[in-house]
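# Survey of secondary and tertiary structure
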Amino acid sequence: QVQLVESGGGLVQAGGSLRLSCAASGSIFSINDMGWYRQAPGKQRELVAAISRGGSTNYGDSVKGRFTISRDNAKNTVYLQMNNLKPEDTAVYYCHATHVVTGRSYWGQGTQVTVSS
């Protein structure tokens, strides 16, 4: 089993920055990709950014150039640096990880990010 705990959400004005962190515990050696998804009210959950164990990254189109994902394998932690935040970035942000063999998904409980205009 893998447990994911997010931190760093909050309220920020448009144009501001936030940094999210997600710490993994449990069967950490079974983790392959890690990343962030978000879900706004009335919308489907969408990919924000993902990073492989080797450091390859993938971003959703709406955040490219503004968000940066990084990973510290020694600390079993993934980070999401969010700059130039917009009101449309308001959502619950979920940490995600996949099992290296089965591809099973693990999810954190989510952290709220609210961007005021």
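Above this text you will find the structure in question.
The rules behind each value
Residues numbered from 1 in each chain as written. Predicted model: local features only at pLDDT ≥ 70, side-chain atom pairs only at ≥ 80, totals over all residues. Heavy atoms only, no water. Helix = DSSP H or I, 4+ residues; strand = E, 2+ residues; numbered from the N terminus. Contact = heavy atoms within 4.5 Å. Salt bridge = Lys/Arg side-chain N within 4 Å of Asp/Glu carboxyl O. Buried < 20%, exposed > 50% of the residue type's maximum accessible area, 1.4 Å probe, protein only. Polar contact = N/O pair within 3.5 Å; in protein donor to acceptor, adjacent residues only side chain to side chain. Core = buried A, V, L, I, M, F, W, Y, C linked by side-chain atoms within 4.5 Å.

### Some details on the side chain of Ser21
- Tracing the backbone shows Ser21 in strand 3 (residues 18–26).
- For Ser21, the contacting residues outside a window of four places in its chain are Val5, Glu6, Ser7, Trp36, Thr77, Val78 and Tyr79.

### Some words on the pattern of salt bridges
- Using the criterion set out here, one finds 4 salt bridges in the structure.
- For Asp89, the salt bridge is made with Arg66, and the minimal N-O distance between the two is 2.7 Å. Here the residue Asp89 occupies a position in the loop between strand 8 (77–82) and strand 9 (91–99), and Arg66 occupies one in the loop between strand 6 (57–59) and strand 7 (67–72), the gap between them amounting to 23 residues.
- Among the residues examined, Arg66 registers a relative accessible area of 9% and is labelled buried.

### Remarks on the side chain of Thr77
- Among the structural elements, Thr77 can be located in strand 8.
- A residue is classified by how much of its surface remains accessible, and Thr77, at 9% relative accessible area, is buried.
- A distance of 2.8 Å separates a polar side-chain atom of Thr77 from the backbone oxygen of Lys75.
- Non-local contacts of Thr77, meaning those with residues more than four positions away in its chain, are made with Ser21, Cys22, Ala23, Ser70, Arg71 and Asp72.

### Section: the environment of Val48
- For Val48, the location among the structural elements is in strand 5 (residues 46–51).
- With near-sequence residues (within four places) excluded, Val48 lies in contact with Trp36, Tyr37, Arg38, Asn58, Tyr59, Gly60, Val63, Phe67, Leu80 and Tyr93.

### Considering the nonpolar core
- Counting 29 residues, the largest nonpolar core has Leu4, Met34, Trp36, Leu80, Met82 and Tyr93 as its most contacted members.
- Every element with two or more residues in this core is listed here: strand 1 (2–7), strand 3, strand 4 (31–39), strand 5, strand 7, strand 8, strand 9 and strand 11 (111–116).
- In this view, Leu80 contacts Leu18, Arg19, Leu20, Trp36, Val48, Ala49, Phe67, Thr68, Ile69 and Tyr93; residues no more than four positions away in its chain are not counted.

Take it as geometry only, folks, not as evidence of what the structure does.
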